[in-house]
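Letter by letter, the chains look like this.
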Amino acid sequence: MSRSSLNTKSRMFQAALELISEKGFTGTSVDEIVERAGVAKGTVYYHFTGKAELVEALIAAELEPLTVHFKEASDGATDPLEQVQALIRAELEWIRDNRAFAKVLVTELWREDRVWRETLLLLRRELLGYIRQAIAEGVRVGTFRDDIDPDFAASALFGMTVTAALDWLAFDPDRELDYVLEQIRRLASMAVKA
C-alpha cells in the first residue's frame, strides 16, 4: 500500500474515531467522516464498503499495538504476579495514550448487534489470553489462590482496569499512573495467597 493511501486511511481513521467518541457510531455519518478527514466521499468507498467496515478496520488497527504491548509486558516478566502487574501497567499506559479509542472500545465491546463484534471478540480473546495465562500459571505454582477462575479473573481484571483508567482520566487526570496501578494491584491482591 502506498504512503499516500496509508495517510488517507489514517486521516479517515482519526476522523471516525473523533466523531464516534463524540457522537457514537449511530450518530456519525460517512459525510461527517470525510468532511473531517478532508477526503472525497468516494475515498471511503474505495477503501471500505461503508462506515461499519471502516470502523472494523479502525478497531483492528488500534488494538494491534495494545496486543504487541501486552506481549512485550508478558514476555518481560519473570513470574505470574509480575506478569499480571506488567499487563495492568501496559493496559493503563495504552488507555492513557489512546483515551478516545478506549472510550469507543468500552461502548462498543459489549454491543451484540455490530458487524465488527467478531473482530472485537478475537482481539479480546487474544488480549485476555495474556492475563489468563499469567493467572493460570500463578494458580498452578501457588502464587494465586486455587479457587480463582483464570478466565473470569482475566475478564474482571481487564474490565476493572479499563473502567478505573477511564474514571481516572476523566475525573482525576493529575494522579500519577503509578498511583492508579497501585490501587488496582491492591484490589487484585485478594487473589494472592497470604
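Above this note sits the structure.
A few points on the structure. (Residues numbered from 1 in each chain as written. Predicted model: local features only at pLDDT ≥ 70, side-chain atom pairs only at ≥ 80, totals over all residues. Heavy atoms only, no water.)

Looking only at helices and strands, the chain features nine helices and zero strands. Based on the C-alpha atoms only, the size of the chain along its principal axes is roughly 60 × 30 × 30 Å. Relative to its 194 residues, the chain shows a buried fraction of 42%. Per element, the accessible surface of the chain, about 10,500 Å² overall, is 51% carbon and sulfur. Each charge class in the chain can be summarised by its mean position, and for the 24 positive and 32 negative side chains these summaries are 2 Å apart. (Helix = DSSP H or I, 4+ residues; strand = E, 2+ residues; numbered from the N terminus. Buried < 20%, exposed > 50% of the residue type's maximum accessible area, 1.4 Å probe, protein only. Areas by Shrake-Rupley, 256 points an atom, 1.4 Å probe, with all protein chains shown as cover. Lys, Arg positive; Asp, Glu negative; His and termini not counted. Charge placed at Lys NZ, Arg CZ, Asp CG, Glu CD.)

It helps to recall that an α-helix has 3.6 residues per turn; residues three or four apart then point in one direction. Helix length check: helix H7 (residues 117-141), at 25 residues, gives a terminal C-alpha distance of 35 Å against a target of 36 Å (1.5 Å per residue), a fit within 8%. Listed in full, the buried residues belonging to H7 are Thr-119, Leu-120, Leu-123, Leu-127, Leu-128, Tyr-130, Ile-131, Ala-134, Ile-135, Gly-138 and Val-139. Looking one or two places after H7, you find Gly-142, whose phi comes out positive at around 90°. (Expected span 1.5 Å × (residues − 1).)

Put simply, helix H5 (residues 80-97) and helix H9 (residues 177-188) touch, their axes get as near as 10 Å, and they point 135° apart. The orientation of H5 with respect to H9, classified from their angle, is oblique. Of the two possible hands of crossing, H5 and H9 adopt the one that is right-handed. Only Leu-177, Asp-178, Val-180, Leu-181, Ile-184 and Arg-185 of H9 make contact with H5, whose side of the interface consists of Gln-85, Ile-88, Arg-89, Leu-92, Glu-93 and Arg-96. When the residues that make up the contact of H5 with H9 are grouped by side-chain class, the tally is six nonpolar, one polar and five charged. (Axes fitted to C-alpha atoms, helices over the stretch in contact; angles between N-to-C directions. Parallel < 35°, antiparallel > 145°, perpendicular 65-115°, else oblique. Left-handed = near helix turned anticlockwise from the far one by under 90°. Contact = heavy atoms within 4.5 Å. Nonpolar A, V, L, I, M, F, W, Y, C, P; charged D, E, K, R; others polar.)

Next up on the list: the packing of aromatic side chains. Going through the model one piece at a time under the given rule, you end up with four aromatic pairs. Their ring planes at 40° and their centres at 6.0 Å tell us that Phe-13 and Phe-48 sit as a pair that is tilted. Of this pair, Phe-13 sits in helix H1 (residues 3-23) while Phe-48 sits in the loop between helix H3 (41-47) and helix H4 (51-75), and the two are 35 residues apart along the sequence. Note on accessibility: Phe-13 and Phe-48 belong to one class, buried. Judged by centre distance (6.4 Å) and plane angle (75°), the rings of Phe-70 and Tyr-130 are edge-to-face. (Phe/Tyr/Trp six-rings, centres within 6.5 Å; stacked < 30°, edge-to-face > 60°.)

Taken as a whole, the largest pocket holds about 370 Å³ of empty space. Lining the largest pocket are 21 residues, with Ala-153, Leu-157, Ala-188, Ser-189 and Ala-191 sitting closest to its centre. Listed by contribution, the elements that provide at least two residues to the lining of the largest pocket are H5, helix H8 (150-171) and H9. Here the lining of the largest pocket gets five residues from one element, more than from any other, and that element is H8. (1 Å grid on protein atoms, 1.4 Å probe; cavity = no way out; pocket = protein on both sides within 12 Å on 5 of 7 lines; lining within 4 Å. Points joined across faces, edges and corners; volume = space filled by probe spheres on them.)

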